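Tertiary structure, described
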Amino acid sequence: MVLNIVLPVLALLLLFSCFVSVQQGTITVITVFGKYRRIMTPGLNFKIPIVESIYKRVSYQNRSVELDFQAVTIDQANVYFKAMLLYAVIDQKEETIVNVAFKFVDDKSLMQALIRTVEGSIRGFVATKKQAEILSLRRDLVEDVKQHIDHTLESWGYHLIDLQLNDITFDEVIMKSMSQVVASNNLKAAAENEGQALLITKTKAAEAEGNAIKISANAEREAAQLRGQGVALFREEVAKGMSNAAKEMQQVNLDTSMIMFSMWTEAIKNFAEVGEGNVIFLDGSAEGMQKSMKQLMSLHRMDELKDN
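So, a few notes on the structure that sits alongside this text.

Rules behind the numbers
Residues numbered from 1 in each chain as written. Predicted model: local features only at pLDDT ≥ 70, side-chain atom pairs only at ≥ 80, totals over all residues. Heavy atoms only, no water. Pairing = 2+ DSSP bridges. Helix = DSSP H or I, 4+ residues; strand = E, 2+ residues; numbered from the N terminus. Axes fitted to C-alpha atoms, helices over the stretch in contact; angles between N-to-C directions. Contact = heavy atoms within 4.5 Å. Buried < 20%, exposed > 50% of the residue type's maximum accessible area, 1.4 Å probe, protein only. Arc of directions from axis to C-beta.

Notes on the sheet that holds strand β8 (residues 158-170)
The strand order across the open sheet formed by three strands is β6-β7-β8, and the pairing between neighbours is antiparallel. Edge positions in the sheet fall to β6 (63-72) and β8, since each has one partner strand and no second. Looking at each pair of strands side by side, their axes are set apart by 25 degrees on average, direction ignored. Relative to β8, strand β7 (residues 78-89) is paired through 11 bridges, and the arrangement is antiparallel. Note that in β8 the partner of Ala 88 across the bridge is His 159. Along the sheet, helix α3 (residues 107-126) makes contact with β6, β7 and β8, crossing β6 at roughly 40 degrees. Running over the sheet, helix α5 (residues 138-156) touches β7 and β8 and is turned about 145 degrees from β8.

Structure, rendered in structure tokens:
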């Protein structure tokens, strides 16, 4: 009775063990008595019970790992790295999956070898550079690491998708000195800019002052020219007026020396009206007047002789 119940149950269990469900993103490696037999792709698969067994499930999805390590530059400066490594199985071919499944004992050993390989490659690159060059060579560092470890990873069945150097720091003393260098460079640049601005300001001020002097000189020259022209025109008009007055006096038989006497008396009158405290000594006697008239007449005759 018991046997009738156990046999059907065992048969059902054996039947169910023939079917294997493989998750998407993974491939199952099957062995027969410890020897590789075949792989199973995602979906429902069939295996021979007892004879075939599942050795490992290999994921071909992307994997990431955080790295935190130290390197030393050629000038003996400590550099601290924090990085993120992204890698995956090269492809889903059978030979690749077999290589991944049997290359390492377990995933822990793979992870340890991968991390040490990347760290060693970065340390080798940093050891040939100076501390001041590291920050500017971030891209070169990543490319150098990829170039050196790609062949090694391919032999394991993996490839490096990306390496992100998230943080690169130095010892506190070096960081402080770098900050001081940056601050001094900024101060130097600010001083240079201020000096250039001051130079431009003074240059523009000098140009403006020079232009103002030129404009003032031109204006003064033009004013002097106009004053001279005005004096010349005044003298010309006075001469024309005196000439016309002399002609009219000759027509009425009057002595032209009266013009000189009239100008003399007008000059004395103008001295008295517009003088501001100035003292002018004149001889107001009859003899003084005759002497002045003789002098004026002599000047007038000299002018007439020059005209003739």
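Let's talk about helix α2 (residues 94-103)
Three- or four-residue spacings in an α-helix give side chains the same orientation, since the helix completes a turn every 3.6 residues. All of the buried residues in α2 are Thr 96, Ile 97, Val 100 and Ala 101. The buried residues of α2 occupy one face: seen down the axis, they fall within an arc of 130 degrees. Contacts from the buried residues of α2 go to β2 (26-32), β3 (35-40), β5 (52-59), β7, α5 and β8.

Some points on the sheet that holds β3
Ordered in space as β3-β2-β5, the three strands form an open sheet in which the pairing is antiparallel. Because the sheet does not close on itself, it has two edges, and the strands there are β3 and β5. Across the sheet, the axes of successive neighbouring strands diverge by a mean angle of 30 degrees, strand direction being ignored. As defined by bridge partners, β2 adjoins β3 across five bridges and the pair is classed as antiparallel. Paired with Val 29 across the two strands is Ile 39, which belongs to β3. Contacts from α2 reach β2, β3 and β5 within the one sheet, and its direction differs from that of β5 by about 95 degrees.

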